[in-house]
Structures are given as C-alpha cells and as structure tokens.
Amino acid sequence: MELNRRTVIAGTAAAGIAATALGGTAHATGGRTPVKSLFGKLADGTKIYSWSLANGGTRLKVLSYGGIVQSLEIPDRHGKYKNVSLGFDNIEDYVAKTPYFGALIGRYGNRIAKGQFSLDGKSYQLSVNDGVNSLHGGTKGFDKHVWDIEPFTKGSDVGLYLYYTSVDGEMGYPGTLKTKVTYTLTKHGDWRLDYEATTDKATVVNLTSHVYWNLAGEGSGSIYDHELKIAAARYTPVDSGLIPTGELAKVAGTPFDFRRTKTVGEDIRVANQQLLYGKGIDHNWALDKGITAKPEHVATLRDPSSGRTLKIATTEPGLQFYSGNFLDGTLVGPGGHIYRQGDALCLETQHFPDSPNQASFPSTVLRPGQTYRTTTVHTFGN
C-alpha cells in the first residue's frame, strides 16, 4: 500500500519581507522588488541572472541556474554578517563541477539503486552518475538547468517563484513534470521553500535543497564543533554504495544518535561500518514526526563561536545529514578559501533514498491529477 505523501499545505507563508540588494541592510519596509543582475553566461550564450533579496535580517542571493542559493547571509551575536552557505563566485564552476552547492535537486533527491525502478509493471532505467547508482536526478538533474524566475512581494513577504518543466523521458523519468518552487523570506528572516509539481504520467518525485551550511561562515574551516540535534530515533543504514538496506535502525548506542544536542565531530571518527561506508555521515534520518500537513521542527544546528543558529521545520518524513565528506580541497569558494572535508554540512529534507525500490518506505509516486506539495522552513537566530 502506498503511503499518501501528497499533503496539502494550507495557508500562505508567514508574513514579512522587504527586498534590498544583497549587500544592503535588511528592513521590513515592504513593497520592494528583489534585485536582478547578470551573473554570467553559459557556453551557448544563455544569460544567467542572480536575484538578491533581504528581510528580517536575512540576505539571500539566488541564481536562475539550478535555482542555486549562491549566498545566504545572517548576523552573529554581535550583528556581524557572514555568508553561511558554500558556493562559487562564477557560473563556470557551477557548470563544470558537481558538489550541488546550494542547488534545487530533482527529479529525485538522493540515490536510486542501479538507476532502476518499476512502476505499474513497467521498468525504467535512469541516468547513472554515482557509480552504478543514480544520484540527485542523474547527470543533468534540476541543478544543471535554467529556471524561470519571477519575483514577488506579498504583504510583508518577498520572494521568488521558480519554474522548470522536465519533459517526459528526461534522465529516464516518465511523465512531463511541471515544477514550481517558491522561495520566501519573511519579516522574521525565515527562509521558506514550498515545492509543487504535477505530472501527466505516473512518476516518482523527491525534491529538496542542497545548501552546504557553515554557520561560522563559508571558508572558515571545520563544522565539527557545530552543535546538532535531530528529532529522530531511527535512521536508514546503507550498503557500501550508500543505498539503504531497507532497515529502520535505532540510533540509540550508535554515532547517529543526535536526539540530545552534541557536536557534529563527537562521534564522527568512531570505528563504525556505516561511517566507513560514508567516509563520515551521509545518511537519512527517519524523523519521529513522519509526514505532516504543516512544517514541524525537526533539527537545530548551532555554531558556538558566532552564536548563529539554524532551526529546520518540514512536512517531509526524512532528513539527509551529510557531513561534507567528499570536499577534497579542489574547490574554491567566493571568499577565496579552499573547501576541505568537513568544512560544511547539509541537512536535506526529503523522502527516503531509494524509496521507489523499497516498498516499506513512504511512497514517492506522483500520478496525474495529484499535486506534489512539500514545505521546509529555515529559521535563523543568534
């Protein structure tokens, strides 16, 4: 039996946003439009734009390429702003390299075993780009496409509507998928993401955002001293290819127990086979709350040095915690710093990896006439 994951999110985003240029000061004055500027051009001449908006103390810069969060600035306990999201300062690096910095991920966030699944008696072969598996939508997922963007101001909110249509058969997925993602900044500085999608054929969908967080500031070094708490008593162990085994294992007595606040690095060097498979943490937590109609709080991240905090609320049943294990010193951020292992982490709200092949996992099937809707809210503090 398929679990119904198509929750209808009632109401609108919380109130509150006024837009300024990224380098400006955030005010709750309302009625101002996000600022658009040219970021670069693709090899075929396609122009890539950046959109800068700010409100409630949060400053956000988004690219039309991949819906990428190119930077996100928040203040520390002394009011000093830093960009807390890893990225690049040029379009060429975003095109040529595949760390998924800040990107919108689709059609399917995370891994699908051997890039294969069956639906309604028909087998599908997806683009394979992670060994024998398909990762984050394949070789040209949503992160490698240009999105149409429309700015908006609504009451005291300001934000962006992002649109992309994935044609039937793209990366092997069935159905033409029409996707809309709304980025909203509220007067409180919350960053809210509302995902919507419809299809003309039965398909699978799992959209997420792949921001790499370092609350001390991008390029500032390791996040192993960041403090993290996750509201989950179980996680999904993986095999050597990082594909879930199907088990929902208890976190108790393992390095994956973040039910109490602890530092990211406290147990990351423990001799544990799951950590060896991931070269650190790269696992999905089965959130205690399951699927919910409205976003519920599931995780808190804090940098003790700056006082910056991030709280995540979501409607989704899973959270992929990735500890930046494959940052290998070959990538350079906008601040001119080299990114190395453990210099950031990701907290990706999602359905579980490989759900199309795991009957016991919540379903990711979307059918004609249904609307995929999920919401995630990031709340910042100091």
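Residues numbered from 1 in each chain as written. Predicted model: local features only at pLDDT ≥ 70, side-chain atom pairs only at ≥ 80, totals over all residues. Heavy atoms only, no water.

**Overview of the sheet that holds strand β5 (residues 81-83)**
To keep it simple, the criterion reads: At least two DSSP bridges between two strands are needed for those strands to be called paired. Secondary structure elements follow DSSP: runs of H or I no shorter than four residues count as helices, runs of E no shorter than two count as strands, and numbering proceeds from the N terminus. To obtain an axis, a line is fitted to C-alpha atoms, over the contacting stretch when the element is a helix, and the angle between two such axes runs from 0 to 180 degrees between their N-to-C directions.
With antiparallel pairing, five strands are arranged side by side in an open sheet as β1-β2-β3-β4-β5. In the strand order of this sheet, the two ends are held by β1 (35-41) and β5, each with one partner. Pairs of neighbouring strands in the sheet enclose a mean axial angle of 20 degrees, with direction left out of account.

**Brief notes about the confidence of the model for the protein**
For clarity, the cut-off: pLDDT is defined as a per-residue confidence score from the predictor, taking values between 0 and 100. Note on contacts: a residue pair is in contact if any heavy atoms of the two residues lie within 4.5 Å.
Per-residue confidence for the protein averages 92 on the pLDDT scale, and 92% of its residues sit at or above 70. When the criterion is pLDDT under 50, residues 1-31 qualifies, and its contacts beyond four places in sequence or with other chains add up to 102 contacts.

**A short note on the nonpolar core**
What counts here: Residues belong to one nonpolar core when they are buried, are Ala, Val, Leu, Ile, Met, Phe, Trp, Tyr or Cys, and are joined through side-chain atoms within 4.5 Å. For every residue, the accessible area obtained with a 1.4 Å probe (protein chains only) is divided by the maximum for its type, and the residue is called buried under 20%, exposed over 50%, and partly exposed between those limits.
Core analysis: the largest hydrophobic core is formed by 57 residues, its most contacted members being Leu72, Tyr183, Trp191, Trp213, Ile230, Trp285 and Phe321. Sequence-distant contacts of Trp213, that is, excluding residues within four places in its chain, are made with Leu72, Val84, Trp191, Ile223, Leu301, Leu310, Ala344, Leu345, Leu347, His378 and Phe380.

**Here's the deal with the pattern of salt bridges**
Oppositely charged side chains are able to pair whenever their charged atoms sit close together. Heads up, the condition is: Any carboxyl oxygen of Asp or Glu that lies within 4 Å of a side-chain nitrogen of Lys or Arg is treated as forming a salt bridge with it.
What the rule picks out here adds up to 11 salt bridges. For Arg59, the salt bridge goes to Glu73, with nearest N and O atoms at 3.3 Å. Of this pair, Arg59 sits in strand β3 (residues 58-63) while Glu73 is found in strand β4 (residues 69-75), placing the two residues 14 residues apart along the sequence. Note on accessibility: Arg59 and Glu73 belong to one class, buried. Asp168 is the partner of Lys201 in a salt bridge, and the nearest nitrogen-oxygen pair spans 2.7 Å. In this pair, Lys201 sits in the loop between β14 (191-199) and β15 (203-204) while Asp168 sits in the loop between β12 (157-166) and β13 (177-185), placing the two residues 33 residues apart along the sequence. We classify Lys201 as partly exposed; its relative accessible area is 40%. The partly exposed category is assigned to Asp168, whose relative accessible area is 36%. It is possible to trace a salt-bridge network through shared partners that takes in Arg111, Asp130 and Asp282.

**Describing the side chain of His210**
Definition in use: Counted as a polar contact is a pair of N or O atoms within 3.5 Å, where, for protein atoms, one must be capable of donating a hydrogen and the other of accepting one, and residues adjacent in sequence contribute only when both atoms are in side chains.
Within the secondary structure layout, His210 lies in strand β16 (residues 208-210). We classify His210 as buried; its relative accessible area is 3%. Reaching out from His210, the side chain makes a polar contact with the side chain of His136 at a distance of 3.4 Å.

**Things to note about the pairing of strand β8 (residues 116-119)**
The two faces of β8 differ: Phe117 and Leu119 on one face are buried, but Gln116 and Ser118 on the other face are not. With four bridges joining them, β8 and strand β9 (residues 122-125) adopt antiparallel strand pairing. When the bridges of β9 are listed, Gln116 appears paired with Gln125. From the end of β8 to the start of β9, which pair antiparallel, there are two residues, and Asp120 there has a positive phi angle of about 55 degrees.

**Things to note about the packing of aromatic side chains**
Our working rule: Only Phe, Tyr and Trp rings are paired, with Trp represented by its six-membered ring, and only when their centres lie within 6.5 Å; those with planes under 30 degrees apart are stacked, over 60 edge-to-face, the remainder tilted.
Applying the stated rule across the entire model yields 22 aromatic pairs. Relative to Tyr94, the ring of Phe88 has its centre 5.1 Å away and its plane inclined at 75 degrees; by these criteria the two rings are edge-to-face. For the pair shown, Phe88 and Tyr94 are each scored as buried. Between Trp213 and Phe380 the ring centres are 5.9 Å apart and the planes differ by 55 degrees, which places this aromatic pair in the tilted class.

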